[in-house]
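Coordinate inspection notes
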Amino acid sequence: MTKKKIFNPSWSAELNELLTAAVVNQAFQQLLLQETHRALREGYNGRAVVLTPAERMRVLRIEAETLADFVAQLSELWSESPPKQNTHGRGGTQSEQTTLFLAMLQDIHGRD
C-alpha cells in the first residue's frame, strides 16, 4: 500500500505524519489510541515524533476509541485555540479539513 499524505494546514508536518502513520499502520493506530504517551515516545517505524509542546498537550488530552474520533477531537481542540503559526498558506475551515481527513480514512480503509 502506498503511503498517502494527510495534510491539515493548521497542523505541523510532524502532527500530520503522526496521523498518516496511524492511518497506514493498524498496530501504530491502536498504540496511539490506547497508549498515547508510549506512541509519542516510541514513534513510528524508528522515527521519533517531535511535537511542539502545544501539540503534545492537545494530543495527550484526547481519549478516543477510533482514529476518526481522535481526529475529530483534535480538530475541536484546535478550533478552541488555534496555533498562531500557519506557514502553509492554505485555507479551509476546521470542519472542511476534518471532513477531508475522514474521507481519506474511508478511502484508505475502504469503509463507508
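Each value, and the rule that gives it
- Counting restarts for each chain, with residues numbered from 1 along the sequence as it is written.
- This being a predicted model, a pLDDT of at least 70 is required before a residue's local features are given, and a value of 80 or more before pairs of side-chain atoms are given or counted; all residues contribute to the totals for chains, interfaces and linings.
- Think of the side-chain values as coming from all heavy atoms in the structure, minus any hydrogens and water.
- Here a helix means four or more residues in a row that DSSP labels H or I, a strand means two or more in a row labelled E, and each is numbered from the N terminus.
- The span expected for a helix works out to 1.5 Å for each residue beyond the first.
- In this scheme, a residue with accessible area under 20% of its type's maximum is buried, one over 50% is exposed, and one in between is partly exposed, where area comes from a 1.4 Å probe on protein chains only.
- Residue-level confidence of the predictor is summarised by pLDDT, bounded by 0 at the bottom and 100 at the top.
- Note on geometry: axes are C-alpha line fits, over the in-contact stretch for helices, and angles between N-to-C directions span 0 to 180 degrees.
- Orientation categories follow fixed angle ranges, with anything under 35 degrees roughly parallel, anything over 145 roughly antiparallel, 65 to 115 roughly perpendicular, and all other angles oblique.
- Pairs of residues are marked as contacts when any of their non-hydrogen atoms sit within 4.5 Å.
- In this count, Pro and Cys sit with the nonpolar residues alongside Ala, Val, Leu, Ile, Met, Phe, Trp and Tyr, while Asp, Glu, Lys and Arg are called charged and the others, Gly among them, polar.

This next bit is on helix α1 (residues 13–24). Spanning 12 residues, α1 covers 16 Å between terminal C-alpha atoms, matching the ideal 16 Å at 1.5 Å per step. When you tally the buried positions in α1, you get nine out of 12 residues, the bulk of the element. Residues of α1 that are buried: Glu-14, Leu-15, Asn-16, Leu-18, Leu-19, Thr-20, Ala-21, Ala-22 and Val-23.

To continue, consider the confidence of the model for the protein chain. In this model, the protein chain carries a mean pLDDT of 77, and residues with pLDDT of at least 70 account for 63%. The least confident element of the protein chain is helix α6 (residues 94–109), whose mean pLDDT is 58; the most confident is helix α2 (residues 26–34), at 96.

It is worth spelling out the packing of α1 against α2 at this point. Contact pair α1 / α2: the axes reach a minimum separation of 5 Å and the direction vectors enclose 120 degrees. For the element pair α1 / α2, the angle class is oblique. On α2, the residues that touch Leu-18, Ala-21, Ala-22, Val-23 and Val-24 of α1 are Gln-26, Phe-28, Gln-29 and Leu-32. In terms of residue class, the contact of α1 with α2 is built from seven nonpolar, two polar and no charged.

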